Amino acid sequence: MTTAEIREGFLRYFEREGHLRIPSSSLVPFEDDPTVLLTIAGMQPLKSYFLGQAQPPAPRMTSSQKCFRTLDIDQVGRTARHLTFFEMLGNFSIGDYFKDDAIRFGFELSTEVLGFDPEQIWITVFEGMEGVPADDEALETWVQMGIPRDRIQRLGEADNFWKAGPTGPCGPNTELYLDRGPAFGPDGGPVTGTDRFLEFWNLVFMQYDRAEDGTLTTLPAKNIDTGAGLERLAAILQDTPSVFETDGFRPLVAWAEQASGRAYGSDPRVDRAMRVLADHGRAMTFLAADGVRPGNEGRDYIIRRIIRRAVSEGSYLGLEPTRLTGLVDVVAEGYGDAYPELIAERSAVIDTVGAEAEQFARTLEQGTRLLEDVLDRSRSTGVISGDDAFRLHDTYGFPLDLTRDAADEHGLAVDEDGFERLMGDQRDRARAAGRKGRGVDRQAAEALAARSPVTAFVGYDDLEVVTTVTAISHLGDGEALAKIATSPFYAEGGGQVSDHGWITGNGGTAEVLDVLRLGDDQVLRVAVDGDLPEGAEVTARVDAAARHATQANHTGTHVLNWALRGVLGDGVRQAGSYVGPDKLRFDFTHRGRIEPDDLAEIERRVNVQVAEDSPVVATVMPRGEADALGAIGLFEEKYGEVVRVVRAGEFSAELCGGCHVSRTGEIGPMVIVSEGSTGAATRRIEAVTGLAAVEHLRAREAALEAEVAQRDERIRALEADLKRARAGRVDVAAVAAQAEDRDGARVLAAEVDAAEMDELLQLTDRVKQAVGPGAAVVLGAVADGKALLVANFDDAAQAAGLSAADVMREVAPVVGGGGGGKPGMARAGGKDPAKMAEAIERAWGVLREPTT
């Protein structure tokens, strides 16, 4: 089975079992899940259903979900099994079936669809832990399915109790293993931990919700969540030593072979580089197609790391960095049918990968010079220090692999323990920074702010100003906290993200990474290149494109708030928001789900106001005056006596300190991409506007077109199957046996079962062949309230003086039709199917008449 056939076979099986096939969600979780940066499991997009926070579209669902995990990223390429991006096949039950059916489905699909020998299947079940009993129910169900008890083993929490993260839905699971035989290791079952027993499917019995303190509470309903790695199944069914030899990866490896002129399998180091390119080629393409762009934080750093690692491995094969964009085409062509967004976003993905590869190429050149210095300095000790390895990684983006390879070539070791310790310290700082305010140490920022006057914010009106550095404090690794006298940069607040931008002076430049709000003051976190001392005159410039997109989304939340209150009632109150250049998120109070018709009306009302192109005006006024205008504010937010009111036309007035467009028309189209529950009586809408909305609609249109094409193809296949089945119902031999000899011909007229003219034509060919030489066959059928007639005569019958056209001219009028044709073939249709028997009798009469 090909990878595509495995995916389709899995999904079709569960569709037959009453499951709704749902499309893969994005790798970027739309719901703000603080536990993950990317989608890591098939059930993750369904989390709110498992927790009872939202109503699923159906109680039974199945999907092939795009997933991404970075835990073992440094092992990718070094082993035959580690991947970052993968597809997870799964079936899900939300309060419908439980263990018995889940196990039955697992056994049937494994043996009947995938074709595994039941004698090779081993099972593990949960052995129990404090507060959760051993899963004897699952064990007994497997026994009932025919698995001997000696092929069912119990394992503990680490192996057979599944959880998506430190908190959230979880439960005991049972796993299916395939015994690959003595060539892969000793007997003894999965507990041996050898490669002989390969786990291929995990069935999770989702019963509990784990709190932050580790306590388990029972979920509102017992649910099923299963996961089978598509790539692993392909390796098993295609009998390949690793996933990289399967049909899903082979085109990527072949591209690397062709591009480099090297052969896979010729050298372990070459193999490693090609495996990295194959995995990372898929990873970066899928990530970028889902809107992830290279950066220094979160998921943006993940794609940056993936692309840079691919560049460094490609360089080992002699590939120029920009050649890596060729991998995007291979991935799009191989997976575009299943994931149309790869085709729709191909150009943007190529631009993203190409730009990052070029940027890293320049960094790589600078870093290589530093690496040479490090190598020279390390010869005396024989070890590259952890500090040097970390600096290469942190400053120049050098993957540890690259440093390790260079060390090996020069007979040196790398202090990897020291490197990991420094990486751990960095992660700890990042986590602490996240707690203190998006990457800025608040205490250090407050100390810096105390050294200089309050910064004047002018960013409502000006995106570029000439100003002065009033204070700066270097943090190390090129980063610093800084204050400027006048700032165009918006500090995060009111749901709106901080501005991104640049500060430029004679002695250096700085990229503005974050802006921390300190009351009416602000402190910038910057990445400095060069020297920007206190007192230096600089130009501060906001990233105008990102700001405008953010402004459009911010004004969009105001219009959305108005539309929500108009459709759902004045009980709607804003409960939080996120406004960035990529999207908007709006939390609000409302009990119960929002009906699809209401959601469509909300979106329609927003876009009507956008089309009206009303002015958007911000005014500072006393709070009492704002109240008189009916201005509304954030739920539970505290406001002073003087407030800033943002009005959109005559329909919306809100207390807001954020940045907005000048007219509603600048928002562009708004598309609501998701709506769901975030807790008791609180809902969340996520939406995109402007160009992002257009791109979203194009991707959705491409996905629908692909789905329609696939559906049409399935319909055509079913119609062909139906034709074959109907044709098979006609006993051709029995019909042919009715033929009579007549002056050198064998004549026949009969009524048969056919659904359309083409089918009747095919039947006359088959009957004519069965009658033999001299066949003159007339067949009739009734289909869709019409009479169909076909006369099909061979050459010998024509030589005997018979003409299909002459016969049809005599017969067709009987059924209210007209007909004609050639001596060998004629056909006709009629509007009086009730006279079909009379028409067949008339055909016999004509065929039996002697030739004159």
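Reading the values: rules and limits
Residue numbers here run from 1 along each chain, matching the order of that chain's written sequence. pLDDT decides what is reported in this predicted model: residues at 70 or higher carry local features, side-chain atom pairs at 80 or more are listed and counted, and totals for whole chains, interfaces and linings draw on all residues regardless. Side-chain metrics rest on all non-hydrogen atoms present in the structure, leaving aside hydrogens and water. Each residue is placed in one exposure class: buried if its accessible area under a 1.4 Å probe, protein chains only, is under 20% of its type's maximum, exposed if it is over 50%, and partly exposed if it falls in between. To qualify as a helix, a DSSP run of H or I must reach at least 4 residues; to qualify as a strand, a run of E must reach at least 2; elements of each kind are numbered from the N terminus. DSSP-based pairing: two strands are paired if at least 2 bridges between them are found. Every case where a carboxyl oxygen of Asp or Glu lies within 4 Å of a side-chain nitrogen of Lys or Arg is listed as a salt bridge. Here, nonpolar core refers to any group of buried Ala, Val, Leu, Ile, Met, Phe, Trp, Tyr and Cys residues whose side-chain atoms link them within 4.5 Å. Two residues qualify as a contact provided that any one of their heavy atoms is within 4.5 Å of a heavy atom in the partner residue. Two rings belonging to Phe, Tyr or Trp (six-membered ring only in the last case) form a pair when the distance between their centres is within 6.5 Å. Interplanar angles under 30 degrees mark stacking, angles over 60 mark edge-to-face geometry, and anything in between is tilted. With axes taken as lines fitted to C-alpha atoms, and helix axes fitted only over the stretch in contact, angles between N-to-C directions fall between 0 and 180 degrees. Defined by distance alone, a disulfide is two cysteine sulfur atoms within 2.5 Å. Here is the rule for angles: anything less than 35 degrees is roughly parallel, anything more than 145 is roughly antiparallel, 65 through 115 is roughly perpendicular, and the remaining ranges are oblique. In this scheme the handedness of a crossing depends on how the near helix is turned from the far one: anticlockwise by less than a right angle means left-handed, clockwise means right-handed. Neither His nor the chain ends is counted toward charge; the positive residues are Lys and Arg and the negative residues Asp and Glu.

Undergrad: Can you explain the pairing of strand β7 (residues 168–179)? Please cite residues and give values.
TA: Along any regular strand the residues' side chains alternate between the sheet's two faces. Along β7, 12 of the 12 residues are buried, which leaves the element largely enclosed by surrounding structure. As defined by bridge partners, strand β4 (residues 121–126) adjoins β7 across 4 bridges and the pair is classed as antiparallel. Its bridge partner lying in β7, Thr124 is registered against Glu175. Alignment of strand β6 (residues 161–163) against β7, held across 3 bridges, turns out to be antiparallel. Considered in β7, the bridge of Trp162 is made with Gly171. Pairing geometry for β7 and strand β8 (residues 197–210), over 10 bridges, is antiparallel. Residue pairing in the sheet places Asn173 in a bridge with Val204 of β8.

Undergrad: Give a detailed account of the pattern of salt bridges, specifying residues and quantitative values.
TA: This structure, assessed with the given rule, holds 47 salt bridges. For the salt bridge of Arg525 with Glu479, the shortest nitrogen-to-oxygen distance reads 3.2 Å. With Arg525 in strand β18 (residues 521–530) and Glu479 in strand β14 (residues 479–484), this pair connects stretches of sequence that are 46 residues apart. When the shortest N-O distance is used, the salt bridge between Glu810 and Arg842 registers 2.8 Å. Of the two residues, Glu810 is situated in helix α24 (residues 804–811) and Arg842 in helix α25 (residues 836–848); the sequence distance between them amounts to 32 residues. For Arg842, a relative accessible area of 31% puts it in the partly exposed group. The network of salt bridges with shared partners includes Glu8, Arg12, Glu15 and Arg21.

Undergrad: Lay out the nonpolar core with the relevant residues and their values.
TA: By size, the foremost hydrophobic cluster in this structure holds 68 residues, and its most contacted members are Phe68, Leu277, Phe286, Leu287 and Leu342. Elements with a contribution of two residues or more to this core: α7 (250–260), α8 (268–289), α9 (298–316), α10 (325–335), α12 (346–378), α13 (386–396), α14 (400–409) and α15 (416–437). Ranked by residue count, the leading element in this core is α8, at 11 residues. In contact with Phe286, not counting residues within four places along its chain, are Leu27, Lys66, Phe85, Val331, Tyr335, Tyr339 and Leu342. Listed in part, the 50 residues of the second largest apolar core include Val752, Ala775, Leu789 and Val807.

Undergrad: Could you give an account of the packing of aromatic side chains, with specific residues and numbers?
TA: A complete count under the given rule lists 22 aromatic pairs for this structure. Their ring planes at 80 degrees and their centres at 6.3 Å tell us that Tyr13 and Phe105 sit as a pair that is edge-to-face. Here the residue Tyr13 occupies a position in helix α1 (residues 3–16), and Phe105 occupies one in helix α3 (residues 99–113), the gap between them amounting to 92 residues. Note on Phe105: relative accessible area 1%, which makes it buried.

Undergrad: Explain unusual backbone geometry to me, using residue names and the numbers behind them.
TA: For Asp743, which is not a glycine, the phi torsion comes out positive at approximately 45 degrees. Residue position: Asp743 is located in the loop between β27 (740–742) and β28 (745–751). Given a relative accessible area of 54%, Asp743 falls into the exposed group. Look at Asp784: it is not a glycine, yet its phi comes out positive at around 50 degrees. In this fold, Asp784 is placed in the loop between β29 (775–783) and β30 (786–793).

Undergrad: An account of the sheet that holds strand β31 (residues 817–821) is requested, with residue identities and associated values reported.
TA: The 6 strands are arranged β27-β28-β29-β30-β32-β31 in an open sheet whose pairing can be described as mixed. Taken across any chain shown, the strands that pair with only one partner, and hence form the sheet edges, are β27 and β31. Within this sheet the neighbouring strands show an average axis-to-axis angle of 15 degrees, counted without direction. Bridge count between β27 and β28: 3 bridges; the pairing is antiparallel. Of the residues in β28, the one forming a bridge with Asp741 is Arg746.

Undergrad: Account for the state of the cysteines, naming residues and giving values.
TA: Every disulfide links exactly two cysteines, by a covalent bond between their sulfur atoms. Summed over all chains, the structure comprises 0 disulfides. Among the cysteines around Cys656, which has no disulfide bond, Cys659 carries the closest sulfur, lying 8.4 Å off. The buried category is assigned to Cys659, whose relative accessible area is 1%.

Undergrad: Which residues make up the packing of α1 against α3, and what are the values?
TA: The contact between α1 and α3 brings their axes to 11 Å, and the two run at 135 degrees. Judged by the angle between their axes, α1 and α3 are oblique. Here α1 and α3 pass one another in a crossing that is right-handed. On α3, the residues touching Gly9, Phe10, Tyr13 and Phe14 of α1 are Arg104, Phe105, Glu108, Leu109 and Val113.

Undergrad: Talk me through the side chain of Asp271; I want residue IDs and the actual numbers.
TA: For Asp271, the position within the fold is in helix α8. Although Asp271 lies buried, it forms no salt bridge, and the closest oppositely charged side chain, Arg275, sits 4.6 Å away as judged by the N-O distance. If near-sequence neighbours (up to four positions away) are discounted, Asp271 is found in contact with Ala263, Tyr264, Gly265 and Ser266.

Undergrad: Hey, could you go over the pairing of strand β32 (residues 825–830) for me, with residue numbers and the actual values?
TA: Residues of β32 alternate between two faces, with Ala826, Ala828 and Gly830 buried on one and Met825, Arg827 and Gly829 left unburied on the opposite face. Of the pairings in the sheet, the one linking β30 to β32 comprises 6 bridges and is antiparallel in character. Paired with Val790 across the strands is Arg827, a residue of β32. Note that β31 and β32 share 5 bridges and pair antiparallel. Across the sheet, the residue bridging to Gly819 is Ala828, located in β32. Counting the residues in the hairpin turn of β31 and β32 gives 3 residues.

Limitation: the analysis is restricted to geometry and does not speak to function.
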